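In case you want the letters, here they are:
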Amino acid sequence: MLRRRNRNVLLQKIGFILFALLLLWLMVRSVPALFRADAPTDAAAVAEQFYKYEQMGDFGSSWELFHPLMKERFPKSAYVQNRAHIFMQHFGVKTFELEMEPPEREFDVEIIQGVKPFPEAYRIKVTQTYSGTFGQFDLVQTCYLVEDGKQWTLLWYYPEQQGRQDKASAV
């Protein structure tokens, strides 16, 4: 009888210690999220600033807000020249209206095929409404914001389409 009581007390103590450790582990994992409460707001502000620069035709400043992978894909001079050429000269637009959905937090996101997934990112759907030579049209684009160091940077979404383009051009 005495052994059974001691065993129950011991099991209760072990259970309490395990519960306390689990609770402590959960608290430690959630504390960083408390300090990142403004992350969606900061990420959305970078996306908004990027597209505000684009609206003004200041493509050099918008390029500066790109993630290094995007800067690698588009050298600054080529980006500035092509953006201005396509939208202002070909489509005949002066500016555009902008609508952005609220950012959605995602984890382990593969934004560019073949590039290591980002552990955390904010996805924002952006709709740009243009009025130009060919009438009014909407350009809908998914972009992601990820932290690079301590700064939020913007990436455009490149799913499997890049591989399909390479295959199509080989034919």
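In this text the structure is predicted, and so the values were computed from the model without any measurement.

(A) Region of interest: the nonpolar core. Counting residues in each nonpolar core, the largest one holds 33 residues, and the members touching the most others are Y51, F66, I111, L145, L154 and W156. Listed by contribution, the elements that provide at least two residues to this core are α2 (39-56), α3 (59-64), α5 (76-90), β3 (118-132), β4 (135-148) and β5 (151-156). It is α2 that contributes the most residues to this core, seven residues altogether.

(B) Quick peek at unusual backbone geometry. You will see that D108, though not glycine, has its phi angle at about 50 degrees, which is positive. A residue is classified by how much of its surface remains accessible, and D108, at 60% relative accessible area, is exposed.

(C) Molecular detail of the environment of D108. Among the secondary structure elements, D108 is positioned in strand β2 (residues 104-109). Along the chain, D108 and P119 lie eleven residues apart, while their C-alpha atoms are 4.4 Å from each other. Residues within four places of D108 in sequence aside, it is in contact with P117, F118, P119 and E120.

(D) Region of interest: the confidence of the model for the protein chain. Of all residues in the protein chain, 85% have pLDDT values of 70 or greater, and the mean over the chain is 84. Averaged pLDDT values for the elements of the protein chain fall to 44 in helix α6 (residues 161-170) and rise to 96 in α3.

The rules behind the values
Residues numbered from 1 in each chain as written. Predicted model: local features only at pLDDT ≥ 70, side-chain atom pairs only at ≥ 80, totals over all residues. Heavy atoms only, no water. Core = buried A, V, L, I, M, F, W, Y, C linked by side-chain atoms within 4.5 Å. Buried < 20%, exposed > 50% of the residue type's maximum accessible area, 1.4 Å probe, protein only. Helix = DSSP H or I, 4+ residues; strand = E, 2+ residues; numbered from the N terminus. Contact = heavy atoms within 4.5 Å. pLDDT = per-residue confidence, 0-100.

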